[in-house]
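Summary of structural features
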Amino acid sequence: WSELFGKYKESKKCNLLEIGCGQGELGLILSGNVVKTYYGIDPDKERIRYAKDKGEGKKNINYEVGKAEEIPFKKKFDILFYTFSWHFIKNFDDAIKEALRVLIKDGILVILEPNEKTNRWKSPILTRGRPEFSEIEHKKKLQDLERAKTALYAQKRFAIIEERVGDENKPNIWILKRSIAK
């Protein structure tokens with residue numbers, strides 16, 4: 001992560017907001033050596049409770065219930081990091097407006113998404129060959145990923161400055177900066 005963020009920001013001096021932090025695993029990693037302060041949001045109250053318990057005592061970690069369309073912070077961030085969460089967004093226009101509101105002028109937006117070509121999904125429901133596999137759920141996931149990618153390329157407020165897509169063994173990554181002054 002240091003290498004990825006470091007191409008665009010001096011990450012050890014940055015405030016980072018992870019959108020879709022789940023149970024906070026990445027927060028413990030990033031807050032240690034990669035960023036100055038880490039904030040994480042997730043709409044699942046139980047996941048946030050668990051994340052807070054794991055991060056208890058760390059002064060540079062903050063977790064709150066929230067979603068991309070309604071970020072619960074008034075502060076500004078150097079990096080917004082959507083970790084496998086962009087495709088869960090219901091209203092991309094609202095999410096983009098919130099990103100503009102909380103991102104500093106020269107901040108970066110990093111989107112990490114599952115690669116639709118992968119055959120190694122975290123969920124057994126999405127993994128062909130597993131007894132739990134569901135063709136319906138797999139198809140829905142692929143549709144959500146396509147809808148999210150379409151929304152990403154259609155929005156005009158952020159310019160894509162780097163993208164890594166196509167390798168089935170790695171997630172897709174997009175890095176964006178503001179394309180208009182706000």
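The text that follows walks through the structure, step by step, so that each part is easy to find.

Basis of the calculations
- Residues numbered from 1 in each chain as written.
- Predicted model: local features only at pLDDT ≥ 70, side-chain atom pairs only at ≥ 80, totals over all residues.
- Heavy atoms only, no water.
- Helix = DSSP H or I, 4+ residues; strand = E, 2+ residues; numbered from the N terminus.
- Buried < 20%, exposed > 50% of the residue type's maximum accessible area, 1.4 Å probe, protein only.
- Pairing = 2+ DSSP bridges.
- Axes fitted to C-alpha atoms, helices over the stretch in contact; angles between N-to-C directions.
- Arc of directions from axis to C-beta.
- Contact = heavy atoms within 4.5 Å.
- Polar contact = N/O pair within 3.5 Å; in protein donor to acceptor, adjacent residues only side chain to side chain.
- Disulfide = S-S within 2.5 Å.
- Salt bridge = Lys/Arg side-chain N within 4 Å of Asp/Glu carboxyl O.
- Right-handed = clockwise from strand over helix to strand, strands pointing away.

To continue, consider the environment of Ser85. Topologically, Ser85 is positioned in the loop between strand S4 (77-83) and helix H4 (92-102). Judged by relative accessible area, which is 11%, Ser85 ranks as buried. Between the alpha carbons of Ser85 and Asp42 there is a distance of 9.2 Å; along the sequence they are 43 residues apart.

Moving on: the sheet that holds strand S6 (residues 158-164). Strand order in the open sheet made by the 7 strands is S3-S2-S1-S4-S5-S7-S6, with mixed pairing throughout. If you trace the sheet from one side to the other, it starts and ends with strand S3 (61-65) and S6, each paired once. If you compare each strand with its neighbour and ignore which way they point, the axes differ by 20° on average. Relative to S3, strand S2 (residues 37-42) is paired through 5 bridges, and the arrangement is parallel.

On to helix H3 (residues 45-55), then. For H3, the complete set of buried residues consists of Ile48, Ala51 and Gly55. Buried positions in H3, seen along its axis, are confined to an arc of 60° and lie on one side of it. Buried residues along H3 sit in contact with helix H2 (25-33), S2 and S3. The opening residue of H3 is Asp44, an N-cap whose side-chain oxygen sits 2.9 Å from the backbone nitrogen of Glu46. Positive backbone phi, at 95°, marks Gly57, one or two positions downstream of H3.

What follows is about the state of the cysteines. Inspection of the entire model under this criterion finds 0 disulfides. Cys14 provides the cysteine sulfur closest to Cys21, a residue in no disulfide bond, and the two sulfurs are 19 Å apart.

Attention shifts here to the pattern of salt bridges. All chains considered together, the criterion is met by 14 salt bridges. Salt-bridge contacts for Glu98 lead to Arg101; the nearest nitrogen and oxygen are separated by 2.9 Å. Placement of both Glu98 and Arg101 in helix H4 is noted, with a separation of 3 residues, approximately one turn of the helix. You can call Glu98 buried: its relative accessible area is 13%. Linked by salt bridges that have partners in common, Lys7, Glu162 and Arg164 make up one network.

So, on to the pairing of strand S1 (residues 15-19). Of all 5 residues that make up S1, 5 are buried, and the element is covered over most of its length. Of the two faces of S1, the one lined by Asn15, Leu17 and Ile19 and the one lined by Leu16 and Glu18 are each fully buried. Pairing between S1 and S2: 5 bridges, direction parallel. Counterpart to Glu18 in the pairing with S2 is Gly40. Each parallel crossover has a hand, and the one from S1 via H2 to S2 is right-handed.

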